[in-house]
Amino acid sequence: MVAPQPFFRPRGTPFSVLHRIRALIELGHTVDLVTYPFGESPDLPGLRIFRSRRPRIVRDVPIGPSFAKLLLDAPLFRTASALAAHIAYDLLHTHEEAGMLGARLARTAALPHLYDMHSSLPQQFANFGKFNWSPVVWAFRRLERYTLDGADGVIAICPELGAYLGTLGYGGPVAVIENTLDFDPPAVCDADIRALRDRLGLGDGPAVVYTGTLEAYQGLGMLVAAAPAVLERMPDARFVLVGGTTDQIAQLREECRAADVAHGFVFVPAVAPTEVFQYLRMADVLVTTRSKGTNTPLKIYQYLRAGRPIVATAIRSHTQVLDDTTAALVPPTADGVADGILSVLADPPRARRLADAAALVAVKRYGKDRYLETLAAVLAQVRDAAARRSAT
């Protein structure tokens, strides 16, 4: 498996990589992971991690497209190629831009190639507002086509990506496997929640909780802009934002001060994955405020499993998983977010209905058995497709 990510760090794609590895091990496989020289190394029987060399000028890797990733990918690809030349693997599993390597390496090493598609690479430039220039987008469209032509099967992390593959004319096996495998969340009792609220200084007012990165595309400026209306009606409410870097937190604090709502916000730097569930269960409302995009964020599946009422902006990133029975879907505006939060907090029976429906969907639609069955099926399809390719 080749993952051009800092593994492991608690953010979207590394979580997905971790879930895939855990599932593969449970299905009886062993995994050699080639990844960046950053991140923690989880202790999983059946997993070996090979870290590529770090260019001296690269100190870290940010989320999204960057020059750092370009510099890191070259030694990553060399490391993966060297391993494939010396070890008899039975499958090559690539993530994100490593699919380009996979398209070539699968042929030279005669390996079946499974491409894990977390997003459309050309679309990332628009979403992140980086390198969104016509020649760059054109080049990556060609590279995306090259990757798909060299894949014996594709995993898409949300239905929208699965549909997008159809528009590109990809005709091989496709499996939609969402970014979720947290099937055994830690138990959280009332005493744990009380202790956490006391530690954060929340008092007895409602807690509006967000977890995840603080990147611009998460729309958290919209949440800050919604806060005055919420705090005017419910002065004891507190917005708890869990995640982000020191600089991102400082920037959002400044936005809160400018909006005169700093007293209503509590910022918690990124916590260990095992701790996130406590914050989710503590929430009176869980919020997600993306303003654009089509890929479903990992947090949505965690929110569903937490069994707490959700307020989400009504964009495709959210609506391919959530509907009006499982969340309060609101316009992607500050007024829409404020109205959604207030309407849920003011109507406890509705909040309970939304929470119960969300928890039921988490079990029925995104349960462990379905995840493992889908992954096992696509692995078999990839092997068959590769065998047919070799025969021709």
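Before reading on, note that the structure itself is shown above.
What counts and how
Residues numbered from 1 in each chain as written. Predicted model: local features only at pLDDT ≥ 70, side-chain atom pairs only at ≥ 80, totals over all residues. Heavy atoms only, no water. Helix = DSSP H or I, 4+ residues; strand = E, 2+ residues; numbered from the N terminus. Rg over C-alpha atoms; globule rule 2.2 N^0.38 Å. Buried < 20%, exposed > 50% of the residue type's maximum accessible area, 1.4 Å probe, protein only. Contact = heavy atoms within 4.5 Å. Areas by Shrake-Rupley, 256 points an atom, 1.4 Å probe, with all protein chains shown as cover. Phe/Tyr/Trp six-rings, centres within 6.5 Å; stacked < 30°, edge-to-face > 60°. Pairing = 2+ DSSP bridges. Axes fitted to C-alpha atoms, helices over the stretch in contact; angles between N-to-C directions. Parallel < 35°, antiparallel > 145°, perpendicular 65-115°, else oblique. Left-handed = near helix turned anticlockwise from the far one by under 90°. Nonpolar A, V, L, I, M, F, W, Y, C, P; charged D, E, K, R; others polar. Expected span 1.5 Å × (residues − 1). Polar contact = N/O pair within 3.5 Å; in protein donor to acceptor, adjacent residues only side chain to side chain.

Engineer: Quick question: what am I supposed to make of the overall build of the protein here?
Structural biologist: Assigned secondary structure in the protein consists of 15 helices and 13 strands. For 392 residues, the compact-globule estimate of 2.2 N^0.38 gives 21 Å, and the protein sits close to it at 22 Å. Dimensions of the protein along its principal axes, counting C-alpha atoms only, are 70 × 45 × 40 Å. Across the 392 residues in the protein, those meeting the buried criterion constitute 54%. Of all intrachain contacts in the protein linking residues separated by at least 6 positions in sequence, the fraction that spans at least 24 positions is 66%. Summed over all atoms, the accessible surface of the protein reaches about 17,000 Å², with 54% contributed by carbon and sulfur.

Engineer: What exactly am I supposed to notice about the environment of Met 222 here?
Structural biologist: Considering the arrangement of structural elements, one finds Met 222 in helix H8 (residues 220-233). Along the chain, Met 222 and Pro 55 lie 167 residues apart, while their C-alpha atoms are 38 Å from each other. When neighbours within four sequence positions are excluded, Met 222 is seen to be in contact with Thr 289, Ser 291, Thr 313, Pro 332, Thr 333, Ala 334 and Val 337.

Engineer: Any chance you could explain the packing of aromatic side chains here in plain terms?
Structural biologist: The way to describe two aromatic rings as a pair is by their centre distance and the angle between their planes. One pass over the full model with this rule turns up five aromatic pairs. Centroid distance Phe 7 to Phe 8: 5.8 Å. Interplanar angle 80°. Geometry classified as edge-to-face. As far as burial versus exposure is concerned, Phe 7 and Phe 8 are alike and both buried. Taking 4.8 Å as the distance between ring centres and 10° as the angle between the ring planes, the aromatic pair formed by Phe 239 and Phe 265 counts as stacked. Separated by 26 residues along the polypeptide, Phe 239 in strand S9 (residues 238-242) and Phe 265 in strand S10 (residues 265-268) bring together distant segments of the chain. Classification of Phe 239 as buried rests on a relative accessible area of 0%. Exposure remark for Phe 265: the relative accessible area of 6% places this residue in the buried category.

Engineer: When you look at the side chain of Thr 211 in this model, what are you seeing that I'm missing?
Structural biologist: Here Thr 211 shows up in strand S8 (residues 207-211). If near-sequence neighbours (up to four positions away) are discounted, Thr 211 is found in contact with Val 242, Val 276, Leu 280, Lys 299 and Tyr 303.

Engineer: Could you clarify how one ought to interpret the sheet that holds strand S13 (residues 328-330) in this entry?
Structural biologist: Where strands meet in a sheet, backbone hydrogen bonds hold them as pairs that are either parallel or antiparallel. Taking strand neighbours across the sheet as the criterion, the six strands line up as S10-S9-S8-S11-S12-S13 in an open arrangement whose pairing is parallel. Every interior strand has two partners, whereas the edge strands, S10 and S13, have only one. Taken pair by pair, the neighbouring strands of this sheet meet at an average axis angle of 25°, ignoring direction. For S8 and strand S11 (residues 285-288), the ladder comprises two bridges, and the chain directions are parallel.

Engineer: I tried to follow the packing of helix H3 (residues 98-108) against helix H5 (residues 134-149) on my own but got confused; where do I start?
Structural biologist: The contact between H3 and H5 brings their axes to 8 Å, and the two run at 40°. Classified by the interaxial angle, the pair formed by H3 and H5 is oblique. Where H3 crosses over H5, the handedness of that crossing is left-handed. Here H3 contributes Gly 99, Met 100, Ala 103, Arg 104 and Arg 107 to the contact with H5, which in turn contributes Phe 140, Leu 143, Tyr 146, Thr 147 and Asp 149. Broken down by class, the residue content of the contact of H3 with H5 amounts to five nonpolar, two polar and three charged.

Engineer: For this particular structure, what's the right way to read helix H13 (residues 334-345)?
Structural biologist: An α-helix turns once every 3.6 residues. As a result, residues three or four positions apart point the same way. With 12 residues, H13 should reach 16 Å at 1.5 Å per residue; the first-to-last C-alpha distance of 17 Å fits that figure. Taken together, the buried positions of H13 are occupied by Gly 336, Val 337, Ala 338, Gly 340, Ile 341, Leu 342, Val 344 and Leu 345.

Engineer: When you look at helix H11 (residues 298-306) in this model, what are you seeing that I'm missing?
Structural biologist: Most of H11 sits inside the fold, with nine of its nine residues counted as buried. Positive backbone phi, at 65°, marks Gly 307, one or two positions downstream of H11.

Engineer: Help me understand the side chain of Thr 296, please; the structure alone is not making it clear to me.
Structural biologist: Its location among the elements puts Thr 296 in the loop between S11 and H11. Residue classification places Thr 296 among the buried residues on the basis of a relative accessible area of 3%. Polar contacts involving the side chain of Thr 296 include one to the main-chain carbonyl oxygen of Ser 317, which spans 3.0 Å. A polar contact of 3.3 Å, which involves the side chain of Thr 296, links it to the side chain of Gln 320. Each residue touching Thr 296, except ones within four places of it in the same chain, is listed here: Ile 157, Cys 158, Tyr 301, Ser 317, Gln 320 and Val 321.

As far as function goes, none of this settles anything; it's purely spatial.
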